[in-house]
Amino acid sequence: MQAEPKKPQSGASLVGQEYEVEVGPVAHGGHCVARTEEGRVLFVRHTLPGERVVARVTDGAEDSRFLRADAVEILDASKDRVEAPCPFSGPGRCGGCDWQHAKPGAQRRLKADVLREQLERLAGLTPEQANWDGTVLPAEGDKLPPGEVPAWRTRVQYAIDEDGRAGLRRHRSHEVEPVDRCLIAAEGVSELGIESRDWSGMDTVEAITATGSQDRQVILTPRPGARLPLVQLDKPVSVLRVDEKDGGVHRVHGRAFVRERADEHTWRVGNGGFWQVHPKAADTLVRAAMQGLTPRKGETALDLYCGVGLFAGALADRVGEKGAVLGIETSKRAVEDARHNLAEHPRVRIEQGKVDQVLPRTGITEADLIVLDPPRAGAGKSTVRHLTTLTPRRIAYIACDPAALARDLKHFAENGYRVRVLRAFDLFPMTQHFECVAILEPADKGR
Ligand SMILES: C[S@@+](CC[C@H](N)C(=O)[O-])C[C@H]1O[C@@H](n2cnc3c(N)ncnc32)[C@H](O)[C@@H]1O
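An unreviewed UniProt entry annotates the protein chain as Class I SAM-dependent RNA methyltransferase of Streptomyces evansiae.

*Asks:* Any chance you could explain the overall build of the protein chain here in plain terms?
*Replies:* The secondary structure content of the protein chain amounts to eight helices and 22 strands. Against the 2.2 N^0.38 benchmark of 22 Å for 447 residues, the protein chain shows a C-alpha radius of gyration of 23 Å, consistent with a compact globule. Burial status across the protein chain gives 48% buried among its 447 residues. Within the protein chain, contacts between residues separated by at least 24 positions form 61% of all contacts whose residues are at least 6 apart in sequence.

*Asks:* Help me out: how do you make sense of the nonpolar core in this one?
*Replies:* Side chains that are nonpolar tend, in soluble globular proteins, to be buried together. By size, the foremost hydrophobic cluster in this structure holds 132 residues, and its most contacted members are V44, V205, A289, L315, I370, V371 and A438. Among residues more than four places away in sequence, those in contact with A438 are Y397, A399, L405, L409, V419 and L422.

*Asks:* In this structure, what is going on with the UniProt feature "active site" (unreviewed entry) in the protein chain? I would like to understand it.
*Replies:* The UniProt record annotates "active site" (unreviewed entry) at C400. Its location among the elements puts C400 in the loop between β20 (394-399) and α8 (402-414). The partly exposed category is assigned to C400, around which 18 C-beta atoms lie within 10 Å. Dropping the residues within four chain positions of it, C400 is found in contact with R376, H433 and E435.

*Asks:* For this particular structure, what's the right way to read the site of the ligand?
*Replies:* Of all residues adjacent to the ligand, which total 17 residues, the nearest are Y305, G307, T330, K354 and D373. For the shell around the ligand, the secondary structure elements donating two or more residues are α4 (310-319) and β17 (324-329). Among the residues forming the shell around the ligand, the class breakdown is ten nonpolar, four polar and three charged.

*Asks:* What exactly am I supposed to notice about α8 here?
*Replies:* Along an α-helix, residues three or four positions apart point the same way, because every turn accommodates 3.6 residues. Between the first and last C-alpha of α8 there are 18 Å, a value that for 13 residues agrees with the 18 Å anticipated at 1.5 Å per step. What α8 keeps buried is the set P402, A403, A404, L405, A406, D408, L409, H411 and F412. Where α8 is buried, its residues contact α1 (104-123), α7 (381-389), β20, β21 (417-426) and β22 (435-442). Looking one or two residues beyond α8, the residue adopting positive phi is G416, at roughly 90°.

*Asks:* Sorry, what's going on with the packing of α7 against α8 here?
*Replies:* Each pair of packed helices gets described by two things: the angle between the helix axes and the distance between those axes. In contact at an axis separation of 9 Å, α7 and α8 are set at 40° when each is read in the N-to-C sense. Viewed along their axes, α7 and α8 adopt a mutual orientation that is oblique. The interaxial crossing formed by α7 with α8 has right-handed handedness. Along its contact with α7, which presents K381, V384, R385 and T388, the element α8 presents D408, H411 and F412. Residues that form the contact of α7 with α8 fall into these classes: two nonpolar, two polar and three charged.

*Asks:* Got a minute to help me understand the sheet that holds strand β16 (residues 300-304) in this structure?
*Replies:* Whenever strands of a sheet pair, they do so through backbone hydrogen bonds, lying parallel or antiparallel. Ordered in space as β6-β21-β22-β20-β19-β16-β17-β18, the eight strands form an open sheet in which the pairing is mixed. Edge positions in the open sheet fall to β6 (137-138) and β18 (348-352), since each of these has one partner strand only. Sheet topology places β16 next to β17; five bridges connect them, and they run parallel. In the strand pairing of β17, D303 is matched with G327.

*Asks:* Would you take a moment to explain the confidence of the model for the protein chain for this structure?
*Replies:* A low pLDDT means the predicted coordinates there should not be read in detail. Confidence in the prediction of the protein chain, expressed as mean pLDDT, is 95, and 98% of residues score 70 or more. For the stretch residues 1-5, pLDDT sits under 50, and the model shows eight contacts to residues farther than four places along the chain or on other chains. Among the prediction metrics, the complex's ipTM stands at 1.00, with pTM recorded as 0.96.

*Asks:* Explain the domain arrangement of the protein chain to me, please; I cannot follow it from the model alone.
*Replies:* Size of an interface: often given as the accessible area lost when the parts come together. Here the protein chain is partitioned into domain 1 (1-81), domain 2 (112-141 + 274-442) and domain 3 (155-209 + 216-254). Distance between the C-alpha centres of domain 2 and domain 3: 32 Å.

*Asks:* Looking at this structure, how should I read unusual backbone geometry?
*Replies:* Among all residues save glycine, negative phi is the norm, and among peptide bonds the norm is trans. Although it is not a glycine, N131 sits at a positive phi angle of roughly 50°. For N131, the position within the fold is in the loop between α1 and β6.

*Asks:* Sorry if this is basic, but what is going on with the sheet that holds strand β11 (residues 216-222) here?
*Replies:* Here we have seven strands laid out as an open sheet, ordered β9-β8-β7-β10-β11-β12-β13, and mixed in their pairing. The strands lining the two open edges of the sheet, one partner per strand, are β9 (176-178) and β13 (249-253). Ignoring which end each strand starts from, the neighbouring axes of this sheet average 35° apart. Relative to strand β10 (residues 202-209), strand β7 (residues 155-160) runs antiparallel, the two being bridged by five bridges. Looking across to β10, one finds that Y158 is bridged to V205.

*Asks:* How should I be thinking about the environment of G147 in this particular structure?
*Replies:* Mapping G147 onto the fold places it in the loop between β6 and β7. C-beta crowding within 10 Å serves as the criterion here: with 8 such atoms nearby, G147 is assigned to the exposed category. The spatial distance from the C-alpha of G147 to the C-alpha of E83 is 8.8 Å, given a sequence separation of 64 residues.

What counts, and at which threshold
Residues numbered from 1 in each chain as written. Predicted model: local features only at pLDDT ≥ 70, side-chain atom pairs only at ≥ 80, totals over all residues. Helix = DSSP H or I, 4+ residues; strand = E, 2+ residues; numbered from the N terminus. Rg over C-alpha atoms; globule rule 2.2 N^0.38 Å. Buried ≥ 20, exposed ≤ 12 C-beta atoms within 10 Å, placed from the backbone. Contact = placed C-beta atoms within 7 Å. Core = buried A, V, L, I, M, F, W, Y, C linked by C-beta atoms within 7 Å. UniProt positions renumbered as here; feature names shortened; annotations may be inferred. Near = placed C-beta within 6 Å. Nonpolar A, V, L, I, M, F, W, Y, C, P; charged D, E, K, R; others polar. Expected span 1.5 Å × (residues − 1). Axes fitted to C-alpha atoms, helices over the stretch in contact; angles between N-to-C directions. Parallel < 35°, antiparallel > 145°, perpendicular 65-115°, else oblique. Left-handed = near helix turned anticlockwise from the far one by under 90°. Pairing = 2+ DSSP bridges. pLDDT = per-residue confidence, 0-100. Domains from an automatic or database assignment.

Structural data, given as structure tokens:
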């Protein structure tokens, strides 16, 4: 987890200060809101709504708008609290998970509360207006007996400490929490035995295990001037390295890609490029998007931020030979993969570049269907406006950040598009993250 740059503070630091507080609602970011007796706002991790805790400040000063804190003592526990299954979680420890201490059902309710709050505050939408049933659904197979944790993370970026031990970053820190096992890592990652090796000289080691093939990959980022180690793991892997100077990814041995399986196709994903992390995510999202869009033979469709072409392929299968699909993606390598993955579809075109630059250049004035799956920041006002000028029959917006989704839904509403149905999926158990699929249609439809 990357630490955010800290704002300069002029007041006296309050780090280490402790407050006894009543914990209020959950907030976006994996924490809950509390207020001190003097009215200071605290964002408190490792707690749950309704608890009474001792919160110790981890970030902030006298003049900060709010303080960040960890619950270091639980005085009155929520009925949703469990003992964290992971021994590396807790105040000051691994920053990878946010809700280890919450029952799985409670984690999904917390995520639903976050989505509800973001929709209301940023889009002015109630769940009813967003046609959302108010739930965050577990991924298929993730409902496990108490105490068991879904091992879903098919990609894990280990940070390496000064002694060459693999671990995970502490919350909002570059410090490394050495771990001997990450509970949410997929079996194909855990089997590699990365945590028991010496990675001296490396900054990070990313492990990838593909879904639906035996492909496994390790991507090494060496520290400046360090030599690459000879990688010998418990299972065969291909090895890539990140170039110290240009940040490019280069093959060391084995294949430069892994083969993922989704929507009954095989997808080549090269150089550690984007692919959904939960093994059920690609199928879950494609299903939700296609159910909502109901593509028809002969329609034209756009797949924006298309990665290696997952939704473009799903659309191409459904609009058939008389239809046409255009994908837009900024990563050169992902575009090469998308063109390779979709080579059998003569009516699919993939353009490389940023959506807001490429889309106006295409000269496209109409599209029946649009899928957009932007990065965390969302699509933004001008891209949303442009999309609505293409007068699509339906739009599927795939969102990994509820705030960005809510902001963009507001832009869509301002440009005449309403939410036909919204669904949310817990594709990142134990963490604060989740994924949404919003299906939009013209607001005047059927009125
Ligand atoms: C959340 S991923 C979605 C990828 C794909 N839809 C999938 O599910 O596999 C977002 C993708 O957008 C790409 N991207 C980021 N900013 C972009 C931009 N401004 N224009 C086009 N693509 C962009 C990233 O490289 C990444 O592949």
